[in-house]
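# Survey of secondary and tertiary structure
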Amino acid sequence: MSTPPLGTTAARDLGRVLPTGEPIGRYTSYLDAQKAVDYLADNKFAVQRVAIIGNDLKTVERVTGRLSYPRVALGSAATGAWFGLFVGLILSLFAGSESGVTITSSIVLGAIFWLLFGVITYAFQRGKRDFTSTSQVVATSYDVIVEPELAAEARRLLQQLPMNGQAQHPGANPSAWGQAPGRQPGQPPQRPASWNDPYAGQQQPQPQQETQPEQPGPDEGQTAGLGTTGPRRGQFPDLPDGRPQYGERVDGQGDGTPAAGPGDSTPTGPGPRADGGGHGSTAAGGQR
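Summarised in this report is the structure supplied together with it. In this text the structure is predicted, and so the values were computed from the model without any measurement.

## Here we look at the overall build of the protein
Along the backbone of the protein there are 4 helices and 5 strands. Tracing the protein from N to C terminus, the helices and strands come up as β-α-β-α-α-β-α-β-β. When each of the 288 residues of the protein is scored for burial, the buried share is 22%. For the protein, the computed accessible surface area is about 21300 Å², with 57% contributed by carbon and sulfur atoms.

This is the structure we're talking about:
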């Protein structure tokens, strides 16, 4: 093994470096990615500049059946018989006329030996693994990448290859790989509606309704207009001398009750009072 000179670094092993390039397709299975690369090779494309990269590697173990002593013995005997047949064929080349006996004895001895070996091995497991399975490493998706200067030519060729079930295959739609489906090449992407609303997806606070302060009601000392300075009793204020401004005060309606309405028999205009008084009130609230 040669060592690099002092002060220099060893060249990178290309087999241990992740290849770089521009992706031209993504596939859910390795066979589909292999089909795409094979199509490029059939069209005289420089496939030595193409690589297949598996994403999100996972170990998958598929259970094929349940183990038991009879099944272990039968499987081990079959394996030993095949091995004995192979050994017997080799020995029959030197056995001469007894080649048949040699092959038969090799098959029987191989089956017996492997049966004992398989049963003893299964017994030592003590029921910790009572099933058979196969293991493999698979990827969630496979990217086909190529050097950037050849990406456009590779996409043009793959657009002629129909492949169902692969949404990111260049031939699945006329748009280039990586663009949103349903958008024509060269068309700018649509602006999401949520960008216009900075509070999209959040619960906006409800505006609080401003409560108007309650206006204080007229009290007894409040007057209604010019020329009236008496306290308010009911709907209209009294005159300064204590007499009602309109109509005639009836017992029980002097405090807080409205004066007689237009449908009552009490007169509302100026005129003689029912008690014989000769004073009345004008519309302006003055004293006659």
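## A closer look at the nonpolar core
Ile24, Phe45, Val146 and Leu158 are the most contacted members of the largest nonpolar core, which totals 20 residues. Mapped onto this core, the elements with two or more residues apiece are β1 (22–27), α1 (30–42), β3 (131–146) and α4 (151–158). In terms of residue count, the dominant contributor to this core is α1 (5 residues). Ignoring any residue separated from it by four or fewer positions in sequence, one finds Leu158 in contact with Ile24, Tyr27, Ala36, Tyr39, Leu40, His169, Pro170 and Gly171.

## Description of the environment of Gly65
With respect to the secondary-structure elements, Gly65 resides in strand β2 (residues 50–66). Spatially, the C-alpha atoms of Gly65 and Ser133 are 7.2 Å apart, while their sequence positions differ by 68 residues. Not counting the four nearest positions on each side in its chain, Gly65 is found in contact with Arg71, Asp130, Phe131 and Thr132.

## Some remarks on the pairing of β3
Across 5 bridges, the pairing between β1 and β3 is antiparallel. Opposite Glu22, over in β3, you have Val146 as the bridge partner. Direction of pairing for β2 relative to β3: antiparallel, over a ladder of 15 bridges. Residue pairing across strands places Ile52 opposite Val144, the latter belonging to β3.

## Some words on the pattern of salt bridges
Here the structure, examined in full by the defined rule, presents 7 salt bridges. Glu22 is paired through a salt bridge with Arg155; the nearest N and O atoms lie 3.0 Å apart. With a gap of 133 residues between them, Glu22 in strand β1 and Arg155 in helix α4 connect regions that are remote in the sequence. Residue Glu22 is classed as partly exposed on the basis of its relative accessible area, which comes to 27%. Arg155 gets classed as buried once you look at its relative accessible area, which sits at 15%. Note that Glu149 and Arg49 form a salt bridge whose closest N and O atoms lie 2.5 Å from each other.

## Regarding the sheet that holds β2
Read across the open sheet, the 3 strands follow the order β1-β3-β2; overall the sheet is antiparallel. For this open sheet the edge positions go to β1 and β2, each flanked by a neighbour on one side alone. Neighbour-to-neighbour, the strand axes of this sheet turn through a mean angle of 25 degrees, independent of strand direction. Its contacts with the sheet place α4 against β1 and β3, and it is angled at close to 30 degrees to β1.

## Regarding the packing of helix α2 (residues 69–95) against helix α3 (residues 99–125)
With their axes 5 Å apart at the nearest point, α2 and α3 run at an angle of 150 degrees to one another. As far as their axial angle goes, α3 and α2 are roughly antiparallel. In this structure, α2 crosses over α3, and the sense of that crossing is right-handed. Residues belonging to the contact of α2 with α3 are distributed by class as follows: 19 nonpolar, 11 polar and no charged.

## A word on the packing of aromatic side chains
Counted according to the given criterion, the structure contains 5 aromatic pairs. Summarising the aromatic geometry, the rings of Phe83 and Trp114 are spaced 6.3 Å apart at their centres and angled 75 degrees between planes, so their arrangement reads as edge-to-face. Highlighted residues: Phe83 in helix α2 and Trp114 in helix α3, separated in sequence by 31 residues. The exposure class of Phe83 is partly exposed, given its relative accessible area of 46%. Overall, Trp114 belongs to the partly exposed group, its relative accessible area being 28%. Residues Trp114 and Phe117 carry aromatic rings whose centres are separated by 5.9 Å and whose planes lie at 85 degrees to one another, so their mutual orientation is edge-to-face. Taken as a pair, Trp114 and Phe117 lie in helix α3 at a separation of 3 residues, close to a single helical turn.

Calculation notes
- Residues numbered from 1 in each chain as written.
- Predicted model: local features only at pLDDT ≥ 70, side-chain atom pairs only at ≥ 80, totals over all residues.
- Heavy atoms only, no water.
- Helix = DSSP H or I, 4+ residues; strand = E, 2+ residues; numbered from the N terminus.
- Buried < 20%, exposed > 50% of the residue type's maximum accessible area, 1.4 Å probe, protein only.
- Areas by Shrake-Rupley, 256 points an atom, 1.4 Å probe, with all protein chains shown as cover.
- Core = buried A, V, L, I, M, F, W, Y, C linked by side-chain atoms within 4.5 Å.
- Contact = heavy atoms within 4.5 Å.
- Pairing = 2+ DSSP bridges.
- Salt bridge = Lys/Arg side-chain N within 4 Å of Asp/Glu carboxyl O.
- Axes fitted to C-alpha atoms, helices over the stretch in contact; angles between N-to-C directions.
- Parallel < 35°, antiparallel > 145°, perpendicular 65-115°, else oblique.
- Left-handed = near helix turned anticlockwise from the far one by under 90°.
- Nonpolar A, V, L, I, M, F, W, Y, C, P; charged D, E, K, R; others polar.
- Phe/Tyr/Trp six-rings, centres within 6.5 Å; stacked < 30°, edge-to-face > 60°.

Functional significance is not addressed by these values, which are geometric in nature.
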